[in-house]
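# Coordinates in review
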Amino acid sequence: MADTRAVGRIPVIWVMAFLSALLTTGYGVLFTMLDDYRDEYGIGETALGALIGLGFLSAFLGSILIAPQADRGHAKQLVLVGMVLNVAGLLIMAVSEDFAALAVGRLIMGLGIGIAVPAIRRIIILYDPDKIGQNLGRLVAADVAGFAAGPAIAAILVGPFGIPAPFLVVAVTTVAVLPFVLGVHVDEAEKSPTRRLALDLLANRPFAGAVVMGCAFFLMIGTFDALWAVVLDDLNTSDWIANLGITLFALPLVLLASTGGRLSQRVGPYRVATVGLLLAAVYMALYGVVPSGGIMFAIAMVHAVTDGLSITSTAVAVGMVVAPARQAGAQGVMTGFQTLTAGITAPIAGAIYQYVGRGAAYGLTALTMVGLVALGVWLARSAWSLTEEEISEDVARL
C-alpha cells in the first residue's frame with residue numbers, strides 16, 4: 001500500500017490525479033486542433049483519424065507489454081518512464097508540421113500514457129482498497145479535467161503564440177510535477193506475479209466482460225474524438241461552440257465521476273455500465289441525424305451526465321474481480337484493449353465520415369456498442385449483481 005503522504009504532505013491520490021490530468025491535457029490540445037491541422041497543413045480527415053488512432057495503438061502496446069511490470073515491483077519507475085515519454089512526444093508535436101512528424105510525436109505520447117496509467121491505477125487501488133470506486137472516480141475526473149483543459153489552453157495560446165505553444169506549456173508543467181511524483185512512497189506487493197504479461201486474466205469471465213464493456217466506451221470515444229471538431233466545422237457551427245462543448249461536456253464527468261465510482265461499487269459496476277452504455281449508444285445515433293451543431297451540443301450535455309455516472313464502472317469492476325497483486329496487469333489489459341479499440345475506431349470513423357457520411361459513421365458506432373454490451377453482459381453473468389458487499393469466493397479473483 002502506498003503511504004498516505006507525498007511531498008509537502010500532499011495526499012498520494014491528488015499527486016497521481018494531477019499527473020493523470022496532465023497526461024490527457026496534451027491529447028486534449030491535439031483533439032481540438034484537428035481542424036487547424038486540416039486547414040493549415042492540408043491533412044485530410046482520414047489522416048487525422050489515423051493520427052488519433054496511432055496514439056491509441058502505441059498506448060495499447062505499452063499497456064499490454066510493459067505496464068504489467070508494475071505488479072513486479074516497478075510501479076513508480078513506470079510512472080516516471082511514462083512521464084518522460086509523454087514530455088518527449090509533446091515536444092515533437094510542438095515542432096512538427098507534417099503528418100509523418102506528428103505521427104512520431106503522437107506514437108511516443110501514447111506509449112508514455114499506456115505505460116503510466118495502469119501503474120497509477122495500481123498505486124491508487126492499493127492506496128485505499130475500501131474506496132476503489134471513489135478514488136478511481138477521482139482519477140477519471142482528473143483525466144477528463146485535463147482533457148477539457150486542452151481546448152482552453154489551445155484557445156488562449158495558439159492565436160498569439162502559434163500551434164507549438166500549448167504543447168510546450170503542457171510539457172513544462174509535467175516536468176514541474178516531477179519532484180512531487182518522486183516524493184511518493186509506494187510499498188510494492190509482497191508477492192509479485194510470475195507471468196510477464198497479464199492476458200491470462202481473460203480466463204476470468206467477469207474480468208473479460210468488464211474489458212468488453214470498457215471497449216464499448218472507447219469505441220464511442222474513438223468516434224467522438226475523431227469527428228467532433230470536424231463535424232461541427234462542416235455544419236458551419238461557431239468555433240466557440242466546439243470548444244465550449246468540450247469544456248461543458250467535461251464538467252459533469254469531473255463533478256460526477258467520483259459519485260459514479262461510489263455508485264458502481266454500491267449498486268454494481270456491471271449494472272451501471274450496461275445502463276450507461278445503452279444510453280450512450282442512443283446519443284451516438286442521434287449525433288448522426290440531427291440537423292445542426294447546436295442540437296448536437298444540446299445532446300452532448302445530456303450525454304455528459306450519463307457518462308459521468310457510468311464511465312468509471314468498468315475500472316471498478318476490474319478492481320473488484322481481480323486480486324490486488326495483479327491490479328496493474330489487469331488495468332493494463334483493460335486500458336490496452338480500450339485504447340486499441342479507440343485506435344482502430346478513430347481512423348475508420350474518419351474514413352466512413354469522409355466517404356459515406358455522418359449518419360453511417362455514428363450509426364455503425366451505436367450498433368457496435370450495443371453488440372459489445374450484449375457480449376459483456378453474457379461474459380459477466382456470474383458477477384452481474386456483484387457489489388462491494390458481495391465480493392466472495394463465488395467470484396474468482398485471479
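Since the model is a prediction, treat every value here as computed from it, not as a measurement.

## A look at the overall build of the protein chain
- Scanning the protein chain from N- to C-terminus turns up 14 helices and zero strands.
- Moving toward the C terminus, one meets the helices and strands of the protein chain in the order α-α-α-α-α-α-α-α-α-α-α-α-α-α.
- Across the 398 residues in the protein chain, those meeting the buried criterion constitute 58%.
- Of all intrachain contacts in the protein chain linking residues separated by at least 6 positions in sequence, the fraction that spans at least 24 positions is 86%.
- Accessible area for the protein chain stands at about 14,800 Å²; split by element, carbon and sulfur atoms hold 67% of it.
- Here the protein chain carries 21 positive and 26 negative side-chain charges, and the mean point of each set is 10 Å from the other.

## Looking at a nonpolar patch on the surface
- Nonpolar side chains collect at one region of the surface, where Ile10, Trp14 and Phe180 lie side by side and expose about 270 Å² of accessible area between them.
- Considering the arrangement of structural elements, one finds Phe180 in helix α7 (residues 164–182).
- Judged by relative accessible area, which is 35%, Phe180 ranks as partly exposed.

## Structural notes on the packing of aromatic side chains
- Per the stated rule, a full pass over the model turns up five aromatic pairs.
- Summarising the aromatic geometry, the rings of Tyr27 and Phe147 are spaced 5.6 Å apart at their centres and angled 35° between planes, so their arrangement reads as tilted. Placement of the pair is Tyr27 in helix α1 (residues 12–32) and Phe147 in helix α6 (residues 132–161), with a sequence separation of 120 residues. There is no split in this pair, since Tyr27 and Phe147 are both buried.
- One aromatic cluster in this structure is built from Phe224, Trp228, Tyr287 and Tyr362.
- Here the basic side chain of Arg381 rests over the ring of Trp378, its NZ or CZ set 4.5 Å away from the ring centre.

## A word on the pattern of salt bridges
- This structure, assessed with the given rule, holds one salt bridge.
- Among the ionic pairs, Asp200 bridges to Arg326, the shortest N-O distance being 2.8 Å. With a gap of 126 residues between them, Asp200 in the loop between α7 and α8 (205–234) and Arg326 in the loop between α12 (313–321) and α13 (327–355) connect regions that are remote in the sequence.
- The exposure class of Asp200 is partly exposed, given its relative accessible area of 26%.

## Topic: the nonpolar core
- Residues Met16, Leu30, Tyr37, Ile120, Phe167, Phe207 and Tyr287 are the most contacted members of the largest nonpolar core, which totals 127 residues.
- Considering each element in turn, this core owes the most residues, 18 residues, to α8.
- Setting aside residues no more than four positions away along its own chain, Ile120 makes contact with Met16, Leu19, Leu23, Val79 and Leu139.

## Some details on α13
- Counted at 1.5 Å a residue, the expected span for α13 with its 29 residues is 42 Å, and the 42 Å between its end C-alpha atoms agrees.
- Counting buried positions along α13 yields 21 of 29 residues, so the element is predominantly enclosed.
- Positioned one or two residues after α13, Gly357 has a phi angle of 135°, which is positive.

## With respect to α12
- Counting buried residues along α12, nine of its nine residues qualify, which places the element largely inside the surrounding structure.
- Here α12 has its buried residues at Ser313, Thr314, Ala315, Val316, Ala317, Val318, Gly319, Met320 and Val321.

## Here we look at the environment of Ile241
- Mapped onto the elements, Ile241 comes out in helix α9 (residues 239–267).
- When the C-alpha atoms of Ile241 and Ile221 are compared, they prove to be 19 Å apart, with 20 residues separating the residues in sequence.

## Examining the packing of α12 against α13
- For the pair α12 and α13, interaxial distance at closest approach is 10 Å and the crossing angle is 150°. Considering the angle they form, α12 stands roughly antiparallel to α13. Crossing of α12 against α13: the hand is right-handed. Where α12 approaches α13, its residues Thr314, Ala315, Val318 and Gly319 are matched on the opposing element by Gln327, Ala330, Gln331, Met334 and Gln338.
- Here the contact of α12 with α13 is built from residues that sort into four nonpolar, five polar and no charged.

## Things to note about the packing of α8 against helix α10 (residues 269–287)
- Orientation of α8 relative to α10, taken along the N-to-C sense of each, is 25°, at an axis distance of 11 Å. Judged on the interaxial angle alone, α10 and α8 are roughly parallel. Judged by the sense of rotation from one axis to the other, the crossing of α8 with α10 is left-handed. Of α10, the residues touching α8 (which contributes Pro206, Phe207, Gly209, Ala210, Met213, Ala216, Phe217, Met220, Thr223 and Phe224) are Tyr270, Ala273, Thr274, Leu277, Ala280, Met284 and Tyr287.
- The residue makeup of the contact of α8 with α10, split by class, is 14 nonpolar, three polar and no charged.

## Description of the side chain of Thr237
- As for its placement among the helices and strands, Thr237 is situated in the loop between α8 and α9.
- Setting aside its immediate chain neighbours within four residues, Thr237 contacts Leu232 and Gly293.

## Brief notes about the confidence of the model for the protein chain
- For the protein chain, the mean per-residue pLDDT works out to 84, and 91% of the residues sit at or above 70.
- For residues 1–5, every residue scores under 50 in pLDDT, and the model assigns this stretch 19 contacts once sequence neighbours within four places are set aside.
- Confidence drops under pLDDT 50 across residues 392–397; counting only partners more than four residues distant or on other chains, this segment forms twelve contacts.

## Quick word on the environment of Ala21
- Looking at the element boundaries, Ala21 is found in helix α1.
- As a C-alpha pair, Ala21 and Thr174 span 153 residues in sequence and 9.8 Å in three-dimensional space.
- Not counting chain neighbours up to four residues away, the residues in contact with Ala21 comprise Ala142, Asp143 and Gly146.

Rules and cut-offs
Residues numbered from 1 in each chain as written. Predicted model: local features only at pLDDT ≥ 70, side-chain atom pairs only at ≥ 80, totals over all residues. Heavy atoms only, no water. Helix = DSSP H or I, 4+ residues; strand = E, 2+ residues; numbered from the N terminus. Buried < 20%, exposed > 50% of the residue type's maximum accessible area, 1.4 Å probe, protein only. Contact = heavy atoms within 4.5 Å. Areas by Shrake-Rupley, 256 points an atom, 1.4 Å probe, with all protein chains shown as cover. Lys, Arg positive; Asp, Glu negative; His and termini not counted. Charge placed at Lys NZ, Arg CZ, Asp CG, Glu CD. Patch = residues over 30% accessible without salt bridge, like charges linked within 9 Å, V, L, I, M, F, W, Y side chains within 5 Å. Salt bridge = Lys/Arg side-chain N within 4 Å of Asp/Glu carboxyl O. Phe/Tyr/Trp six-rings, centres within 6.5 Å; stacked < 30°, edge-to-face > 60°. Lys NZ or Arg CZ within 6 Å of the ring centre and 35° of its normal. Core = buried A, V, L, I, M, F, W, Y, C linked by side-chain atoms within 4.5 Å. Expected span 1.5 Å × (residues − 1). Axes fitted to C-alpha atoms, helices over the stretch in contact; angles between N-to-C directions. Parallel < 35°, antiparallel > 145°, perpendicular 65-115°, else oblique. Left-handed = near helix turned anticlockwise from the far one by under 90°. Nonpolar A, V, L, I, M, F, W, Y, C, P; charged D, E, K, R; others polar. pLDDT = per-residue confidence, 0-100.

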